[in-house]
Amino acid sequence: MVKKIKDRLGIQILFDFDNIFSACEFALDHQIKVLELNLNNIDFAHQIQNSTMRQQIANYLRKYKITLLFHAAEGLSFFIPDRSTQNFIIKSTIKLLQQAQEIGVKRVTFHLGTDMSFGVSAQKLRTFEVYPDFYYQFLYTALSTLKKNIPTKVILCVENVGGFRYPFVLKMLPQFLGNRFGLTMDIGHINRFSGPEKEQELKFFWDNYQHIKNCHIHDNNGEWDQHNIIGEGNINFQPYFELLVNTDTYFIFEVRPKESGLECIKRFDQIIAPRLTKSNDLKNTIKQSSHHKQKVTK
């Protein structure tokens, strides 16, 4: 079990380097063969725009057998109710997917963004709640277009953050899963919630675990998205590794700076790996939650 995970275990690089090759060399120097580049690093984003650079990166990956993943730049929102804006976001994402294919990138993670909320009679009201039909069709069209344009050797993964959790989005997403459209499960993001909200998210990922193609790993104490080194929070990571060990997901320590990623790998070897078994506490947790809800309903 441990070897299956270690073969797909890596780190994310954000602001540590201004050159993609330097990031790859750092990974190789520490025997890391899976690397996710966060394209909020402006230097990384600019470098992949150059066709010669893309070919050089592709050659480098083949030579040194590194698996490269991308995390798309954040800030764009699929919930901005303007078709020209949405078309720009779609075209930008498709362009990134094409560049990823050319380089040899295996996964591209992206965020859906968020909808605007307004104070109405001392309550928060989002625009999709006022115009549900418009927003359903609006997002459905965007995701349909993206899925049709995913290159053959890349998997596009939507991450559990922001608008991912809106009820109509959670109902819609399973229609798109499969055929190179997958999920990025961020464990730290799940831990930000408790009660029914957390149960809902756990159940969604359990029901669709075979479509989890990337997994972001970092710790927190449940108060905010701290992106701590594992062990510096209250998350029990073992059930998540056991859930995903037999899938084709990648396990990415999404902590910063780069030294924190190395510490996570060290702690995985020392703390988590020895405890991994064939049991699945995550499944049991979901079953217990469902059983409890049935009893309350009755």
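So, how was this worked out
- Residues numbered from 1 in each chain as written.
- Predicted model: local features only at pLDDT ≥ 70, side-chain atom pairs only at ≥ 80, totals over all residues.
- Heavy atoms only, no water.
- Helix = DSSP H or I, 4+ residues; strand = E, 2+ residues; numbered from the N terminus.
- Rg over C-alpha atoms; globule rule 2.2 N^0.38 Å.
- Buried < 20%, exposed > 50% of the residue type's maximum accessible area, 1.4 Å probe, protein only.
- Core = buried A, V, L, I, M, F, W, Y, C linked by side-chain atoms within 4.5 Å.
- Phe/Tyr/Trp six-rings, centres within 6.5 Å; stacked < 30°, edge-to-face > 60°.
- Lys NZ or Arg CZ within 6 Å of the ring centre and 35° of its normal.
- Disulfide = S-S within 2.5 Å.
- 1 Å grid on protein atoms, 1.4 Å probe; cavity = no way out; pocket = protein on both sides within 12 Å on 5 of 7 lines; lining within 4 Å.
- Points joined across faces, edges and corners; volume = space filled by probe spheres on them.
- Nonpolar A, V, L, I, M, F, W, Y, C, P; charged D, E, K, R; others polar.
- pLDDT = per-residue confidence, 0-100.
- Contact = heavy atoms within 4.5 Å.
- Salt bridge = Lys/Arg side-chain N within 4 Å of Asp/Glu carboxyl O.
- Axes fitted to C-alpha atoms, helices over the stretch in contact; angles between N-to-C directions.
- Parallel < 35°, antiparallel > 145°, perpendicular 65-115°, else oblique.
- Left-handed = near helix turned anticlockwise from the far one by under 90°.
- Lys, Arg positive; Asp, Glu negative; His and termini not counted.
- Polar contact = N/O pair within 3.5 Å; in protein donor to acceptor, adjacent residues only side chain to side chain.
- Pairing = 2+ DSSP bridges.
- Expected span 1.5 Å × (residues − 1).

1. Concerning the overall build of the chain
Next, step 1: A tally of regular secondary structure across the chain gives 13 helices and 10 strands.
Next, step 2: At 19 Å, the chain has a C-alpha radius of gyration in line with the 19 Å of a compact globule built from 298 residues.
Next, step 3: Overall, the C-alpha framework of the chain stretches about 60 × 50 × 35 Å when taken along its three principal axes.
Next, step 4: Residue burial in the chain is summarised as follows: out of 298 residues, 52% are buried.

2. Some thoughts on the nonpolar core
Next, step 1: Of all hydrophobic cores here, the largest spans 86 residues; its most connected members are F70, F110, L143, F181, F241, F253 and F268.
Next, step 2: Here the element with the most residues in this core is helix 5 (residues 83–103); it accounts for seven residues.

3. Focus: the packing of aromatic side chains
Next, step 1: In this structure the tally under the stated criterion is 22 aromatic pairs.
Next, step 2: Relative to F168, the ring of F79 lies with its centre 6.5 Å away and its plane at 85°, an arrangement referred to as edge-to-face. Remark: F168 occurs in helix 8 (residues 167–172) and F79 occurs in the loop between strand 3 (67–71) and helix 5; sequence separation between them is 89 residues. Here F79 and F168 have matching classes, each one buried.
Next, step 3: An angle of 80° between the planes, with centres 5.7 Å apart, marks the rings of F204 and F205 as edge-to-face.
Next, step 4: The class for F205 is buried, based on a relative accessible area of 2%.
Next, step 5: The rings of F78, F79, F110, F128, Y136, Y140, Y166, F168, F176 and F181 are connected pair by pair, giving a single aromatic cluster.
Next, step 6: Geometry around F26 places K258 over its ring, the cationic atom sitting 5.8 Å from the centre.

4. Quick notes on the state of the cysteines
Next, step 1: Applying the stated criterion across every chain yields a total of zero disulfides.
Next, step 2: In this structure C264 is a free cysteine whose sulfur lies 12 Å from that of C215, the closest cysteine sulfur available.

5. Some details on the layout of surface pockets
Next, step 1: The volume enclosed by the largest pocket comes to roughly 390 Å³.
Next, step 2: What lines the largest pocket is a set of 18 residues, and nearest its centre among them are A72, A73, L76, S92 and L96.
Next, step 3: Of the residues forming the lining of the largest pocket, the biggest block, seven residues, is contributed by helix 5.
Next, step 4: Looking at the lining of the largest pocket, its residues break down into 11 nonpolar, five polar and two charged.

6. Remarks on the confidence of the model for the chain
Next, step 1: Mean pLDDT over the chain: 93, with 93% of residues reaching 70 or higher.
Next, step 2: Here residues 288–298 scores under 50 on pLDDT; set against residues more than four positions off or in separate chains, the count is three contacts.

7. Here we look at the pattern of salt bridges
Between side chains of opposite charge, pairing is possible as soon as their charged atoms come close.
Next, step 1: This model, assessed by the stated rule, comprises 11 salt bridges.
Next, step 2: E254 serves as the salt-bridge partner of R256, at 3.3 Å between the closest nitrogen and oxygen.
Next, step 3: According to the relative accessible area criterion, R256 is partly exposed, its value standing at 32%.
Next, step 4: E254 sits in the buried class, given a relative accessible area of 3%.
Next, step 5: Salt bridges sharing common partners tie together R107, K213 and D248.

8. With respect to the packing of helix 5 against helix 7 (residues 132–148)
Packed helices, taken two at a time, are described by the angle their axes make and the gap between the axes.
Next, step 1: Packing of helix 5 against helix 7 brings their axes to within 10 Å, and their N-to-C directions diverge by 25°. On the basis of their axis angle, the class for helix 5 and helix 7 is roughly parallel. Considering how the two elements wind past one another, helix 5 and helix 7 form a crossing that is right-handed. Along its contact with helix 5, which presents R83, Q86, I90, T93 and I94, the element helix 7 presents F134, F138, A142, T145 and L146.

9. Focus on the side chain of E36
Next, step 1: Mapping E36 onto the fold places it in strand 2 (residues 34–38).
Next, step 2: Of the side chains with opposite charge, R256 comes closest to the buried, unpaired E36, at an N-O distance of 7.1 Å.
Next, step 3: A distance of 2.6 Å separates a polar atom in the side chain of E36 from a polar atom in the side chain of Q12.
Next, step 4: Look past the residues within four positions of E36 in its chain and what remains in contact with it is I11, Q12, I13, L69, F70, H71, T109, N214, H216 and I252.

10. Section: the sheet that holds strand 3
Next, step 1: On the basis of which strands lie adjacent, the closed barrel formed by eight strands has the order 1-2-3-4-7-8-9-10 and parallel pairing. Ignoring strand direction, the axes of neighbouring strands in this sheet form an average angle of 25°.
Next, step 2: On top of the sheet, helix 2 (residues 20–29) reaches strand 1 (9–13) and strand 2; it is set at about 150° to strand 2, its chief contact.

11. A look at helix 7
Owing to its 3.6 residues per turn, the α-helix brings residues three or four apart onto one side.
Next, step 1: Spanning 17 residues, helix 7 covers 24 Å between terminal C-alpha atoms, matching the ideal 24 Å at 1.5 Å per step.
Next, step 2: Within the span of helix 7, buried status applies to Y135, F138, L139, A142, L143, S144, L146 and K147.
Next, step 3: Considering only its buried residues, helix 7 is in contact with helix 5, strand 4 (107–110), helix 6 (127–130), strand 7 (155–159), helix 8 and strand 8 (181–186).

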